[in-house]
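So the chains spell out like this:
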There are 4 protein chains.
Amino acid sequence: MADLFWPGDVRAGAHFTSEAWLRAMLAVEADWLAELIAAGVAPGTAADDLADLVGVEDLDRLGVEAEGGGNPVIPLVALLREAVAERNPDAARWLHRGLTSQDVADTAMVLMARAAVESLREDLAAVITRLADLAADHRDTPMVARTLTQHAVPTTFGLRVAAWLTGVVDAYDDVIRLRLPEQLGGAAGTRAALVELGIDPTTVAEDLPWHTTRSTMTRLGDALVSCTDACGRIANDVLTLCRPEIAELAEGSPGGSSTMPDKANPMLSVLVRRAALTTPQLAATLHLAAAEQVDDRADGAWHAEWATLRDLARRALVAVSQTRDLLAGLIVRTDRMAATLAAAGHGVLAEQRSMASLAGHEPRSSYLGTAGAIVDEVVARARGIEP
Amino acid sequence: MADLFWPGDVRAGAHFTSEAWLRAMLAVEADWLAELIAAGVAPGTAADDLADLVGVEDLDRLGVEAEGGGNPVIPLVALLREAVAERNPDAARWLHRGLTSQDVADTAMVLMARAAVESLREDLAAVITRLADLAADHRDTPMVARTLTQHAVPTTFGLRVAAWLTGVVDAYDDVIRLRLPEQLGGAAGTRAALVELGIDPTTVAEDLPWHTTRSTMTRLGDALVSCTDACGRIANDVLTLCRPEIAELAEGSPGGSSTMPDKANPMLSVLVRRAALTTPQLAATLHLAAAEQVDDRADGAWHAEWATLRDLARRALVAVSQTRDLLAGLIVRTDRMAATLAAAGHGVLAEQRSMASLAGHEPRSSYLGTAGAIVDEVVARARGIEP
Amino acid sequence: MADLFWPGDVRAGAHFTSEAWLRAMLAVEADWLAELIAAGVAPGTAADDLADLVGVEDLDRLGVEAEGGGNPVIPLVALLREAVAERNPDAARWLHRGLTSQDVADTAMVLMARAAVESLREDLAAVITRLADLAADHRDTPMVARTLTQHAVPTTFGLRVAAWLTGVVDAYDDVIRLRLPEQLGGAAGTRAALVELGIDPTTVAEDLPWHTTRSTMTRLGDALVSCTDACGRIANDVLTLCRPEIAELAEGSPGGSSTMPDKANPMLSVLVRRAALTTPQLAATLHLAAAEQVDDRADGAWHAEWATLRDLARRALVAVSQTRDLLAGLIVRTDRMAATLAAAGHGVLAEQRSMASLAGHEPRSSYLGTAGAIVDEVVARARGIEP
Amino acid sequence: MADLFWPGDVRAGAHFTSEAWLRAMLAVEADWLAELIAAGVAPGTAADDLADLVGVEDLDRLGVEAEGGGNPVIPLVALLREAVAERNPDAARWLHRGLTSQDVADTAMVLMARAAVESLREDLAAVITRLADLAADHRDTPMVARTLTQHAVPTTFGLRVAAWLTGVVDAYDDVIRLRLPEQLGGAAGTRAALVELGIDPTTVAEDLPWHTTRSTMTRLGDALVSCTDACGRIANDVLTLCRPEIAELAEGSPGGSSTMPDKANPMLSVLVRRAALTTPQLAATLHLAAAEQVDDRADGAWHAEWATLRDLARRALVAVSQTRDLLAGLIVRTDRMAATLAAAGHGVLAEQRSMASLAGHEPRSSYLGTAGAIVDEVVARARGIEP
């Protein structure tokens, strides 16, 4: 259902919804049942894909019952057992055996994260492609550089875009570097239930348990916030440069007002900036949850991750998608850039005069340094990224 | 719909849901239309309560369309105009006139906040009543005080509860002190549209516009987080004291495990603690949004408030409600408290011996100081709060 | 010593320095020794003002030794006992008796907070006075309102300043409302040591112990961040409006560049904005520390407060002081404001035309609504604050 | 000078002090002057190592003057020019030419970061070595696993240590993966001053400018907080397991009390936990600063990084060093572990009975699953890290 509190939220689609988590947990339980059969532990008669047993209509019940044990896996397993009992008592008997709630919740979270990361990667790649084109197109478009809000020296719009691009490439690198291993440790990470059932854990799990080592979550959170950092930085420039007094950039499809008919508001930028103001604190909560681990299952820190990661992931997805649209429609007013630079004139060449005087020659023409070469290098690197 | 990511979320009921915001915005528009008629600005024929025009079935459309203008008011007004046009063209013509989106969104947020604060106040009052009884009941129940995890000196369980109670009373005071004024400023806080329509703003608004002065939001956020602070502090003590090696407290209705049949987990405490780990960062985001105000409507900072406040309010409501249940069922094992204190024996009276020796007399018996008097005073103050 | 990492830090003077904390702790110990004598518990021969016994030269030793017991009080008491032993063995014997480290550390923190709050109050009052004058002076200075970065409708600079002023007044109210009680609870809040020594705690302490109820700290933190919120909001406007393309405001004493001789950077605004970006997260840490209380002295949450509060207090002091200077020198370019509004012309009156048309009359001249009256009311309230 | 507000701060030594930043900036300027000469731009007579020109005695002046331009480089360059003028007018004339303040401040920050990272790496490696030994030593030491504070199933202390170790290895990996490139972009990242002076930027800088792409800082911050996450998680376990009722672990050199002679407080753990409660919010500030970049030098976001990174780095250094000591002295009470497990008895084997019954056999003896094999694998990986 639409989230009125986060305009644009629909862009995140089904990622990290309650239904998505439910389906992912169901998939984990179904896979596990198949593993038990494959391992010869459960009988072949226990085979059941479970897929039709629960659905969105059960979310309310699961939501209510999740409080009792503090997580949704416990009522889900109960519901599955109840639902499958008649048609397949062996499935009812064997499902979830050897797992603990955290195995299912964590692994389902990882499955959602993998899907979200793949969507994010695609959108980031599209942003990178667009930015590389934009930087190349404006490799030699002069504009005034601004530092601490004031005109500084000449630069190019291409170099500005190259700076945006570098940030997005960094975020992309952070995202694709993520390892998102499944979690299978049993009640306390010893995998004792598996062994007791006669399963060799190394045949069913590639990775070691990480039930109380939450780097998987913090690295994911840090990568997600690096996405909104990179997008926020772009949005801030658009918001500044689309001010009517500057008017060097404009959004292609600005938003309107409920009462002022002539307004053309840079809404995508506003909403991207909004995200970037909120996500660092969410990533901090994930770190805090990692730091507050204790025992073999933390008394609250684990539970604090779920909604936090959900919000962080959806906001990153929305922000990157909005940035993609923002850039697709971005209007670049090179005439305004040129006019501002011309008007700034003498002042922004003061450094040049000072350098030229030191070097004992007349100022060279444009004072753009190696802006073009930097753009070329950034663009070449960006184009080397596999889409 | 149930939020699987935040077990217990159903306790917050309809507070701060998308539907609640929609209904609150609808109420603001309906009240305003009535004001326009009452002021003689709109014709009597424009009268319409609007209540049946939109509902939960419109949330998806509104959610999608909210992105265009960056807030849900713009599509809501469009939808209302469209829906009312046939039956009441004058209502369609006059509704929302004189307002701006932010007036509606902010005031609707305030209406939701008032309702949430009232629920919170009731639950806090119930917690206070329960804690006052608990403190009084255990005014003279000896237990060992623990500092930095180690046994320190004797104390009473009543004094411990009095400390909990003081924190909850402080949160209660913060909550009831809140002013939650409506916001009516028009496009930029000048109320020019009102004047142009012939309305005297002082007749329709008690308070000054606060569209870019967000103390209303930060104070609300700070009060909400003070609630989870106070509840978290209680939960931490329960979590510590219900450890099987200590076993001085227990939850009345502990939670189970998906695989370990004998577990009795202190789930309410776990979930309360969870909330307390996440809300300070949300309140920080509200402050950041206040600090990042600029112009006459901020380019993202305003929009960052909505989901943040929603989450903060719902989590506070859930945490206080859970704390209420936690305390209602709390099992106090005075025998264990006595046994631990007895076993700690000599060590926890070392300070007493040192003081008595200084004062030149033999140690007095219990070394409980004025614990009882402090409990009495805290309880008396708490009982002075109007329920 | 100057903190290169926080330009402007010197404005916070001696507030919340290591030396200030040391002196405050020394004062607490000296007062307490006098109390012990006054109560007839310690002999008159124990009288000693202690003031000359430790100083800034001992900070290194105390800093090193503070780690052992986790706080500076333990080595301070040891050092005092050692230093006073020869000249006054009774003082050595009696000092600190009845107190615990936390009593001294917390109360000394409160003493520093009171002093900081008083400085802050003075600077806030000066800011309020200046803003009230500025708002009154520009009650009728027209400028264009900007919403979501775009021109919206006409407003006045006076109304903008009134919005700034409202935020500062809110912060002032938060600051002066603070209660900063001393903390005297003994080892675990029971005041048992006092009683053992024969002291009636009600004669030496007005307030109840709050060793594990940290509302004193969170309310202080929230008030401090409300100061940087209010100042940050002003700085953001100055930063926007001093952009050369807008140029409606300018700092009176702008900063230079290490290499661009013509730069006039709005440095006070930059530094104020800097503070506002960092303080919400510090206030969040204080809330987290409050929520993470447990037992009768928390295992880390208490210790997390000190540096956090120090940084928050100093940054608030610096930001308010910088805002005071910023406003004292603020250059208001009413000609530019008028020119921008004139140039925006037709567009910013679109709402007016729409309202006038609805109301069936011609647009009235200025479309400033009740901006002037709002300014008058805000100014009158501000001037009602006792300086 | 010792920081009383952060006991243990001295462990961070000279890292990220004002003096260290000053010296690093001086080194950057000296290196650059040598580059100018080497490039044939400045005359050989300009050669000067600058090292003796400023020192700790200038910090106060620099601290005061840093406010004017918002950073310490501007007054430093002025001071250097003034100080070197008489003995070497050419050095005075040429130093800093081609650089901008941000080049110097950022690169100096990177130099400090490299040194801090190296110290951190060493301490992390020592922690890893110790933990690997501890895990191996206790590979088969049985203890009870605790989940949600309650006894769950049997585990080994070795497996617990392996979980700690995995977190520290993850932090180590994050730290050594850091790239900390120098920053050389000139006034706006175009390197125009260099070109104007006749220098080929590719000969003096390996990396592209990153003046407004702050991934260098956010990745550093994230890695630093991953260190405190890992240490905090260890500290929490020690704090729990050293409670007198549990007493399975103890610190080797516990801290005392100012008034209770028998206390043995786990102070290193307390102080490590303290750090872990504060650093996530600091890392969030670095992300926020990255997201709030705008133009070619941000109006506050850049300035917000310095103190934040300083505090984050020093706290990480202190926490890792304290963890090293904590682990070196850690007392493991295997008898208590065994006794607790034995006492928990039947209950913690309920899952085993259920699994065995499902599998149709009698419970196997220890129910430790593959705990030993997991320990072996974690230890082997840890020992593969180059010290």
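Conventions adopted
Residues numbered from 1 in each chain as written. Chains lettered and ligands numbered in written order. Predicted model: local features only at pLDDT ≥ 70, side-chain atom pairs only at ≥ 80, totals over all residues. Heavy atoms only, no water. Salt bridge = Lys/Arg side-chain N within 4 Å of Asp/Glu carboxyl O. Helix = DSSP H or I, 4+ residues; strand = E, 2+ residues; numbered from the N terminus. Buried < 20%, exposed > 50% of the residue type's maximum accessible area, 1.4 Å probe, protein only. Least-squares fit on C-alpha atoms with pLDDT ≥ 70 in both. Contact = heavy atoms within 4.5 Å. Phe/Tyr/Trp six-rings, centres within 6.5 Å; stacked < 30°, edge-to-face > 60°. Lys NZ or Arg CZ within 6 Å of the ring centre and 35° of its normal. Expected span 1.5 Å × (residues − 1). Buried area = accessible area lost by both parts, 1.4 Å probe. Polar contact = N/O pair within 3.5 Å; in protein donor to acceptor, adjacent residues only side chain to side chain. Nonpolar A, V, L, I, M, F, W, Y, C, P; charged D, E, K, R; others polar. Pairing = 2+ DSSP bridges. Axes fitted to C-alpha atoms, helices over the stretch in contact; angles between N-to-C directions. Parallel < 35°, antiparallel > 145°, perpendicular 65-115°, else oblique. Left-handed = near helix turned anticlockwise from the far one by under 90°.

Should the charged atoms of two oppositely charged side chains come close, the side chains can pair. A complete count under the given rule lists 131 salt bridges over all chains for this structure. The salt bridge partner of Arg-160 of chain B is Asp-237 of chain B, with a shortest N-O separation of 3.1 Å. Within this pair, whereas Arg-160 of chain B is found in helix H6 (residues 157–176), its partner Asp-237 of chain B is found in helix H9 (residues 215–241), the two being separated by 77 residues in sequence. The class for Asp-237 of chain B is buried, based on a relative accessible area of 0%. In this structure, Glu-118 of chain D engages Arg-121 of chain D in a salt bridge whose closest nitrogen and oxygen atoms are separated by 3.2 Å. With a gap of three residues between them, Glu-118 of chain D and Arg-121 of chain D both fall in helix H5 (residues 101–137), about one helical turn apart. Three or more residues are tied together by salt bridges with common partners; here these are Arg-273 of chain A, Glu-292 and Asp-299 of chain B, Arg-273 of chain C together with Glu-292 and Asp-299 of chain D.

Attention now moves to the relation of the copies chain D and chain A. Take chain D, turn it by 180°, move it 0.0 Å along the axis, and it overlays chain A with an RMSD of 0.0 Å. Such values leave the two copies arranged in the relation of a two-fold axis. Across chain D, the smallest distance between a C-alpha and the rotation axis is recorded for Ala-284 of chain D, namely 2.8 Å. When the interface residues of chain D are mapped onto chain A, 100% of them are again interface residues, pointing to one common binding face.

Glancing now at the packing of aromatic side chains. A full pass over the atoms with the stated rule returns 16 aromatic pairs over all chains. Each ring, one from Trp-302 of chain A and one from Trp-306 of chain A, has its centre 4.8 Å from the other, and the planes form 85°; the classification is edge-to-face. Both residues of the pair, Trp-302 of chain A and Trp-306 of chain A, count as buried. By the ring-pair criterion, three or more aromatic residues cluster together here, those being Phe-5 of chain A together with Trp-21, Trp-302 and Trp-306 of chain B. The ring centre of Trp-6 of chain A lies 4.0 Å from the NZ or CZ of Arg-315 of chain A, which sits over that ring. Across from the ring centre of Trp-6 of chain C, 3.8 Å away, lies the NZ or CZ of Arg-274 of chain C, which sits over that ring.

Glancing now at helix H11 (residues 303–329) of chain D. Over its 27 residues, H11 of chain D extends 41 Å from the first C-alpha to the last, a length consistent with the 39 Å expected when each residue adds 1.5 Å. Counting buried positions along H11 of chain D yields 23 of 27 residues, so the element is predominantly enclosed.

A few words now on unusual backbone geometry. The backbone of His-96 of chain B sits at a positive phi, close to 75°, despite the residue not being glycine. By secondary structure assignment, the location of His-96 of chain B is in the loop between helix H4 (89–94) and helix H5 (101–137).

A separate point is the interface of chain D and chain A. Residue-level contacts link 89 residues of chain D with 89 residues of chain A. Summed over both partners, the interface of chain D with chain A comes to about 7,100 Å²; 57% of that surface belongs to carbon and sulfur atoms. When the buried area of chain D at its contact with chain A is split by residue, Glu-196, Asp-295 and Leu-358 of chain D rank highest and sum to 11% of it. Scanning the region where chain D abuts chain A turns up eight salt bridges.

All names here are of chain C. Tracing the backbone through its elements, the reader meets Val-318 in helix H11 (residues 303–329). The exposure class of Val-318 is buried, given its relative accessible area of 1%. Spatially, the C-alpha atom of Val-318 lies 29 Å from that of Thr-213, the residues being 105 residues apart in sequence.

Counting from both sides, the interface comprises 33 residues of chain B and, opposite them, 34 residues of chain D. Together chain B and chain D conceal approximately 2,800 Å² of surface at their shared face, both sides included; 58% is due to carbon and sulfur atoms. If you sort the residues of chain B by the area they bury against chain D, Thr-149, Arg-243 and Glu-245 of chain B come out on top, with a joint share of 22%. Run the count over chain B and chain D and you get two salt bridges. With a closest N to O distance of 2.7 Å, Glu-245 of chain B and Arg-146 of chain D form a salt bridge. Linking chain B with chain D are eight residue pairs in polar contact (both at pLDDT 80 or more). At the level of secondary structure, the elements contributing two or more residues to the side of chain B that touches chain D comprise strand E1 (142–147), strand E2 (150–156), H9, helix H10 (267–291) and helix H13 (350–359) of chain B. Residues of the side of chain B that touches chain D, tallied by class, amount to 16 nonpolar, ten polar and seven charged.

A separate point is the relation of the copies chain B and chain D. With an RMSD of 0.0 Å, the fit of chain B onto chain D corresponds to turning through 180° and sliding 0.0 Å along the axis. A high fraction, 100%, of the interface residues of chain B reappear at the interface in chain D, so the copies pair face to face through one surface.

Another aspect to go through is the environment of Gln-293 of chain A. Among the structural elements, Gln-293 of chain A can be located in the loop between helix H10 (267–291) and helix H11 (303–328). Remark: the alpha-carbon pair of Gln-293 of chain A and Pro-244 of chain A, spanning 49 residues in sequence, is separated by 51 Å.

Before going further, it helps to spend a moment on the pairing of strand E1 (residues 142–147) of chain D. Of all six residues in E1 of chain D, five are buried, a share of seventy percent or more. Remark: two residues form the turn of the hairpin made by E1 of chain D and strand E2 (residues 150–156) of chain D, two consecutive strands paired antiparallel; Leu-148 of chain D in that turn has positive phi of roughly 50°.

Another point: the packing of H10 of chain A against H10 of chain B. Each packed pair of helices is defined by two parameters, the angle between the axes and the distance between the axes. Viewed as axis vectors pointing N to C, H10 of chain A and H10 of chain B meet at an angle of 160°, and their least axial separation amounts to 9 Å. As far as their axial angle goes, H10 of chain B and H10 of chain A are roughly antiparallel. Between H10 of chain A and H10 of chain B the crossing geometry is right-handed. In contact with Leu-277, Thr-278, Gln-281, Leu-282, Thr-285 and Leu-288 of chain A of H10 of chain A, H10 of chain B contributes Leu-277, Thr-278, Gln-281, Leu-282, Thr-285 and Leu-288 of chain B. When its residues are assigned to classes, the contact of H10 of chain A with H10 of chain B shows six nonpolar, six polar and no charged.

Glancing now at the side chain of Arg-214 of chain B. Residues and elements named next belong to chain B. Here Arg-214 lies in the loop between helix H8 (201–204) and H9. On the accessibility criterion, Arg-214 (2% relative accessible area) is buried. Only 3.1 Å separates the side chain of Arg-214 from the backbone oxygen of His-211, close enough to count as a polar contact.

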